[in-house]
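# Commentary on secondary and tertiary structure
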Amino acid sequence: MLEVVNGFLLVYFIVLCSISALVPTLVKPIVACFSGASHEERAAWAELLKLKEAQKGISMKDEFAAYSKLQRKINKLESELKENRSSRMSKSLAVIGSVHIVLQVVVAVLILISVIWFRREPIVALKGDLFPLSTVLQYPSDMPNGISTHVWVLITNLSVRTLLKPILS
């Protein structure tokens, strides 16, 4: 029923359409590499943990002054960490959006250039007569009952996105 005419292009377009469908999933690990906590933020977090441990060892009733002094330091560090975290999160959101757009554009341009470059190449050929659809499926290639690159990309993109939807959700 189905005869593969150009196996390389078949696999090539399946991979490109899969990457296009997986871009939102690929963005998160890429951005995680660039938007981690800074060294100063980690040091402040470690100091905060030390202060909390030291505060646990002090009785609030017996040594109120030392306890409240540590509490003020803890509150100051927590507010600084909260500001740093919110700043980092806003930068991270901007980076996520930018990386997502860039990856989608790169994959889309690659698919578009490939479709234009290989426009006359049939990918697969169907056996049997598909009279009303044969001209639409083969355009612009000349192979009878062949599926052109344009149609193959549409079919593959729709199929890959439909198959990956339950996995990625």
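Nothing here was measured: the structure is a model prediction, and the numbers come from that model.

### Focus on the overall build of the protein
Secondary structure summary: the protein contains five helices and three strands in total. Here the C-alpha radius of gyration of the protein, 29 Å, is well above what a compact globule of 169 residues would show, namely 15 Å. Projected onto its principal axes, the C-alpha positions of the protein cover 95 × 25 × 25 Å. Side-chain charges of the protein comprise 19 positive and 13 negative groups, with the mean position of each set lying 4 Å from the other.

### As for the UniProt feature "transmembrane region" (unreviewed entry) in the protein
UniProt records the feature "transmembrane region" (unreviewed entry) for residues 6-27 and 93-118 in the present numbering. Between the C-alpha atoms that bound residues 6-27 there is a distance of 31 Å. The span itself is 95% helix and 0% strand. Structurally, residues 93-118 comprises 96% helix and 0% strand, and the distance from its first C-alpha atom to its last is 37 Å.

### Topic: the pattern of salt bridges
Tallied over the full model, the rule gives three salt bridges. A salt bridge links Arg88 to Glu41; the nearest nitrogen and oxygen atoms lie 3.1 Å apart. Remark: Glu41 occurs in helix α2 (residues 39-56) and Arg88 occurs in helix α3 (residues 64-117); sequence separation between them is 47 residues. Relative accessible area serves as the criterion here: at 9%, Glu41 is assigned to the buried category. The salt bridge partner of Glu53 is Lys56, with a shortest N-O separation of 3.7 Å. With a gap of three residues between them, Glu53 and Lys56 both fall in helix α2, about one helical turn apart. Accessibility classification places Glu53 together with Lys56 in one group, the exposed group.

### Let's talk about the UniProt feature "coiled-coil region" (unreviewed entry) in the protein
In the UniProt entry, the feature "coiled-coil region" (unreviewed entry) is given for residues 60-87. The span residues 60-87 shows a helical share of 86% and a strand share of 0%, and its end C-alpha atoms are spaced 34 Å apart.

### Points about the sheet that holds strand β3 (residues 146-148)
Read across the open sheet, the three strands follow the order β1-β2-β3; overall the sheet is antiparallel. Of all strands in the sheet, those with a lone pairing partner are β1 (2-4) and β3, marking the two edges. Sheet twist, expressed as the mean angle between neighbouring strand axes with direction ignored, is 30 degrees. Helix α4 (residues 131-138) rests against β2 (122-126) and β3 of the sheet, and its axis sits at about 40 degrees to β3.

### Some remarks on a nonpolar patch on the surface
A grouping of Val11, Val15, Ile19, Leu26, Ile30 and Phe34 is seen on the molecular surface, where their side chains present a nonpolar patch of about 520 Å² in accessible area. With respect to the helices and strands, the residue Leu26 is situated in helix α1 (residues 7-34). Given the relative accessible area of 39%, Leu26 is considered partly exposed.

### Section: the packing of α2 against α3
Across the interface, α2 lies against α3 with an axial gap of 10 Å and an inter-helix angle of 150 degrees. Of the possible angle classes, the one that applies to α2 and α3 is roughly antiparallel. Considering the relative orientation of α2 and α3, their crossing is left-handed. Counting all contacts with α2, which are made through Glu41, Ala44, Trp45, Glu47, Leu48, Leu51, Lys52, Ala54 and Gln55, the residues of α3 involved are Tyr67, Leu70, Gln71, Lys73, Ile74, Leu77, Glu78, Leu81, Asn84, Arg85 and Arg88.

### Side note on the pairing of β2
Of all five residues making up β2, five are buried, and the element is well covered by its neighbours. Pairing between β2 and β3: three bridges, direction antiparallel. By the bridge assignment for β3, Ala125 is matched with Gly146.

Rules and cut-offs
- Residue positions are given per chain, counting from 1 as you read along its sequence in written order.
- Where totals are concerned, whole chains, interfaces and linings use all residues; where local detail is concerned, this predicted model gives features only for residues with pLDDT of at least 70, and gives and counts side-chain atom pairs only at 80 or more.
- The side-chain values count all of the structure's non-hydrogen atoms but skip hydrogen atoms and water molecules.
- Put simply, DSSP marks the helices as runs of H or I at least four residues long and the strands as runs of E at least two long, and each gets a number from the N terminus on.
- The quantity called the radius of gyration is restricted to C-alpha atoms. Its globule counterpart is 2.2 Å times the number of residues to the power 0.38.
- We count Lys and Arg on the positive side and Asp and Glu on the negative side, and we leave His and both chain ends out.
- Note on charges: their place is set at NZ of Lys, CZ of Arg, CG of Asp or CD of Glu.
- UniProt positions are given in the numbering used here, feature names are shortened, and annotations may be inferred rather than shown by experiment.
- The working definition used for a salt bridge is a side-chain nitrogen of Lys or Arg within 4 Å of a carboxyl oxygen of Asp or Glu.
- Remark: exposure states derive from per-residue accessible area (1.4 Å probe, protein chains only) relative to the maximum for the residue type, with buried under 20%, exposed over 50%, and partly exposed in between.
- For two strands to be treated as a pair, DSSP must find at least two bridges joining them.
- Helix axes are fitted to C-alpha atoms over the stretch in contact, other axes to C-alpha atoms as well, and angles between N-to-C directions run from 0 to 180 degrees.
- Residue contacts are defined here by distance: any two heavy atoms, one from each residue, within 4.5 Å place the two residues in contact.
- Patch construction takes residues with relative accessible area above 30% that form no salt bridge. Like charges are linked within 9 Å, and nonpolar side chains (Val, Leu, Ile, Met, Phe, Trp, Tyr) are linked within 5 Å.
- Note on areas: Shrake-Rupley, 1.4 Å probe, and residue coverage restricted to the protein chains presented here.
- Roughly parallel means an angle under 35 degrees; roughly antiparallel, over 145; roughly perpendicular, 65 to 115; everything else is oblique.
- Note on convention: near helix rotated counterclockwise from far helix by under a right angle means a left-handed crossing. Clockwise means right-handed.

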